[in-house]
Amino acid sequence: MEFPSSSSSSIFSPRASDDTVFYSIYPHSTTTTTTSTLQSLHLEILETVSPFTTDYIWQHQPFTLSISAPPNPSCPCPSSSNLHHLHGHLRYGDNLDDEWFTVFLLFHISINFPSLSLRVWDSDGDFLLIEAAFHLPRWLNPNTSLNRIFLRSGNLHIVPKTLLPSPSLLDSLKFIADSPSLSLAPDPVQRAIKNRIKDYPEKARKNMHRVRVRVPVSVAQVLKHEPCFISLAVEGFYDRDVDTMKFAARMERFLERGRSEELVIVSVKMSRAMYAQLVQQAFQAPKCYPEIPSRSEREAYVEAELGMKIACGLEMMYQQRKRDGMDGKGSTWEAFKKSLESSGYFQGLLPGSSEYQRLMQNAEEYYRNTSLHSSASELMNAPVRRIDEILALPHSADDFKGQEVPPSDDDSWLYDGEEELNSALMERQKEMDLYDLKHQKKGKAKEGDNTGVSSGSNAGEFDPVDIAKTMQAFVHKLSSYEGAEAPEDRNKEVNLDVDQFIKDMESIMKPPGGEVANGNIEEGSSSDLDFDDSDESDMAESAEDNEDGEDTFMQSYSDAMNEEINATTLQKSFVRANEQISKKDEGTSSASRYVDEEFSPVDMDVNLVKSFLDSFSSQQGLPGPASNLLGLMGVQLPKDASKGK
C-alpha cells in the first residue's frame, strides 16, 4: 500500500517529500467522538511523549499531532477523511532513526492508551511489514494489506483475510476493537518489529552528538535561544544549490560586519546524521567570512571549519525562506479561531453570550496548552520571523566569553562502524538462512523425479548424482520465448513416459554397428525406431552398396580426427567409463589398459559433475555461473572444507 506524497498536505512545507512517515490515531468509537474529546486526547498524548522528545533534535521535523474532524480533505489517508482522529507526519530525511523513533513513540502511545488504534506508514507503504517480511503469512502483500495493519495495546494487529476479505477502514477498526485476539499478529512478526525498536529511547539519546564549534556571534545567539535550528542549518548546507550559494557568498544576515566579525566557541548538539553530513563534505569558506585558523592548529581549525559550514547553512536557509515566503501562517490564534468557527465549534451562538464565552475560554486554554508542546513545530515552520526576533535582542561576543564549553564527543563511530554494519548484515543473513531452510524443508516433500533432485538423499547431505540428474531434467525441459525454465520454477507437472524416454536415449546412444557402446544396457532392449525384418534387410543391402563410399569416407575422416586429437592433451581431460575399474585392476598390462582407454567411452555424468565442481571451486565462495545455475535447480553445494587449511 503506497500513498503518494502529493495527496497529503504538509503543515511544515508545501508538499511532503518521499522520505516521510505518516501516522494516524483513532479513538475507540470514531463515529461518536467529538472535537472536544479529541482535544482532550490530544493533550494527554502530547504529555505522554514529551519526556522522550523534549531534548531530541529531529533531522527535519519534530513529532507532532493534529486534530482531524470530518470532512478533512487534507488528511494524509483518504479513507480517514470522514472520521474523527489525530494524525501527523514527519520527514526523516537521511536519518532513519527518526522514523523508528517515531514508531517507538506510537507503540508507547498504544500501550498507555489501550483503547486507541494506530496506523503508521511511509512513502514505501507498510514498512513494518517489510521489517517482518520473512515471517508474514503468504497471502499478505502490498496489494492485500490495505486497511489491515494497526497498532493496539503495544502489539501489531493484522486483520485476517478469511474473516474480512475486503475491509474498509471503519470495518477494520471495529474488528480489532471487538476481537483483538483474532487479529493479533503471529509471535515471529511481533518479535521482528519489537526487536527493531527495543533499544529506544536509549538509542535516541545515543544518536545525539555534541560538538564544539567556532561561529559568528549572531549564529551563536540564534543557537543559544533555539538549539533546534541546527537541523535547519544543516539542511540548508547539505541541500545547497547554485542559487542558495549566492546567499552564502554575501552572508548579509549573519555577518553584518563582514570579516571583522568575531568568532566565539559554543557547544552544539545535533544528530549523528547531521554531524556526518557536515563533516563529510568539503566546502570553501566565502571571501567575506572571518579568517579561519591554519591547519597546523588542528583542533581550532576543525572547530572553525565546522562552525563555518553551520553559519553558511543558516544563512542559505534564512535567505531562501525569506525570498520564497515560506513562513508558517497556520499556527496563530486567529487561524486557530477561524478553524473552530468553520467546524461549528461555537454552535451558532452569539458572540458575547455566556455559553459562547465558556466555549471561548475552553478554546483559549486548549490553545495555550498545545502551543507549549507544539513550540518546536512553530519554530521549524516560521524560522525567519523567530531569527529576526532573536537578533533584535542585544547581544555581543562578551556574552559567550568566559563560559566553560565541554569538549566534543568522540566521533570514532563515524569511521569505525564496520563492526556494527557487519553485525546488522549478519542478523539479516541469519534471518534469510532460517527462512530458506524453513521453505526448503517444506518443499522437500514435494520434490520428486520432476525436480531432478534425489528424493532419497538426506536434507543436510550432498549427493553428486543430484547434479547430473538436475542437469538432465533442465536440458530436456521444453522452453518458450520467455526463456529457459528451471525445474523448481515450473508451474505444471510434466507427464514423462519413462519407458519411451529410455528407448529414445538408447536409440541415440547406439553406435552405427547397433551395439551399445558401454555394454551395460540389457539384451533385448529396443527403441521406438525398431524396424521389421524387411527394413533391416533393405538397410543391410544399402550398407553393402555404399561400403566403398560413405563407410570409406567416414572411416578416413574418423582416423584423421583421432590422429589430430591424440597429438593433444584433450583426451586426457575427460574421465572414461572404465577408468575406476582400470585403476583397481593392478594385474592388467599397460598395453591392455591403453587399448581399454582408447576404446572406452567418456562418462558424461562424471565429467559433468567434475566440471561443475571445478567451476564452483574456482568461484572461491563468490557468486558465479555454477552456483547460480545449480541454485535455480535446487542443488545446494557444500562449502569446500579444505580451503584455508
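Residues numbered from 1 in each chain as written. Predicted model: local features only at pLDDT ≥ 70, side-chain atom pairs only at ≥ 80, totals over all residues. Heavy atoms only, no water.

Participant: Honestly, the packing of aromatic side chains in this entry has me stumped. Any pointers?
Facilitator: For any pair of aromatic rings, the description consists of the separation of the ring centres together with the inter-plane angle of the planes. Throughout the structure, instances matching the rule amount to 14 aromatic pairs. Ring plane angle 75° and centroid distance 4.7 Å describe the contact between tyrosine 56 and tryptophan 58, whose orientation is recorded as edge-to-face. Pair check on accessibility: tyrosine 56 and tryptophan 58 agree, each one buried. Judged by centre distance (4.6 Å) and plane angle (25°), the ring pair of phenylalanine 346 and tyrosine 356 falls under stacked. Here phenylalanine 346 is found in the loop between helix H13 (333-342) and helix H14 (354-373), whereas its partner tyrosine 356 is found in helix H14, with 10 residues between them in sequence. Tyrosine 356 shares its class with phenylalanine 346; the two are buried. The rings of Phe52, Tyr56, Trp58, Phe101, Phe104 and Tyr200 are connected pair by pair, giving a single aromatic cluster. The ring of tryptophan 121 is capped by arginine 119, whose NZ or CZ atom sits 4.5 Å from the centre of that ring. Its guanidinium or amino end placed over the ring of phenylalanine 400, lysine 224 lies 5.7 Å from that ring's centre, counting from NZ or CZ. (Phe/Tyr/Trp six-rings, centres within 6.5 Å; stacked < 30°, edge-to-face > 60°. Buried < 20%, exposed > 50% of the residue type's maximum accessible area, 1.4 Å probe, protein only. Helix = DSSP H or I, 4+ residues; strand = E, 2+ residues; numbered from the N terminus. Lys NZ or Arg CZ within 6 Å of the ring centre and 35° of its normal.)

Participant: Could you clarify how one ought to interpret unusual backbone geometry in this entry?
Facilitator: Residues apart from glycine generally show negative phi values, whereas peptide bonds are mostly found in trans. With an omega of 10°, the peptide bond between tyrosine 200 and proline 201 qualifies as cis. For proline 201, the location among the structural elements is in the loop between helix H6 (187-197) and helix H7 (202-206). One non-glycine residue, methionine 251, adopts positive backbone phi at about 50°. Of note, methionine 251 is situated in the loop between helix H10 (242-250) and strand S8 (263-271). Look at methionine 251 and you get buried, because its relative accessible area is 0%.

Participant: Looking at this structure, I do not really get the confidence of the model for the chain. What am I missing?
Facilitator: The predicted coordinates ought not to be read in detail in places where the model reports low pLDDT. Model confidence for the chain is summarised by a mean pLDDT of 76, while 67% of its residues fall at 70 or above. Ignoring residues within four places in sequence, the model shows residues 327-331, a span with pLDDT below 50, making 13 contacts including any to other chains. Predicted confidence for residues 449-460 stays below pLDDT 50, and this span has 24 contacts to residues more than four positions away or in other chains. (pLDDT = per-residue confidence, 0-100. Contact = heavy atoms within 4.5 Å.)

Participant: Teacher, can you tell me more about helix H24 (residues 604-618) here?
Facilitator: What sets the pattern is the α-helix's 3.6 residues per turn: residues three or four places apart point alike. For H24, spanning 15 residues, the distance from its first C-alpha to its last is 21 Å, which sits close to the expected 21 Å at 1.5 Å a residue. Buried within H24 are the following residues: Asn607, Val609 and Phe612. (Expected span 1.5 Å × (residues − 1).)

Participant: Which parts of the structure should I look at to understand the nonpolar core?
Facilitator: One recurring pattern in soluble globular proteins: nonpolar side chains tend to sit buried together. In this structure, Phe63 and Ile109 are the most contacted members of the largest nonpolar core, which totals 93 residues. Among residues more than four places away in sequence, those in contact with phenylalanine 63 are Tyr23, Val49, Trp58, Leu90, Thr102, Leu105, Leu106 and Ile109. (Core = buried A, V, L, I, M, F, W, Y, C linked by side-chain atoms within 4.5 Å.)

Participant: How do you make sense of the pairing of strand S4 (residues 117-122) when you look at a structure like this?
Facilitator: Side chains on a regular strand alternate between the two faces of the sheet. Extensive coverage of S4 is indicated by the burial of six of its six residues. As judged from the six bridges shared by strand S1 (residues 20-26) and S4, these two strands associate in the antiparallel manner. In the strand pairing of S4, isoleucine 25 is matched with leucine 118. (Pairing = 2+ DSSP bridges.)

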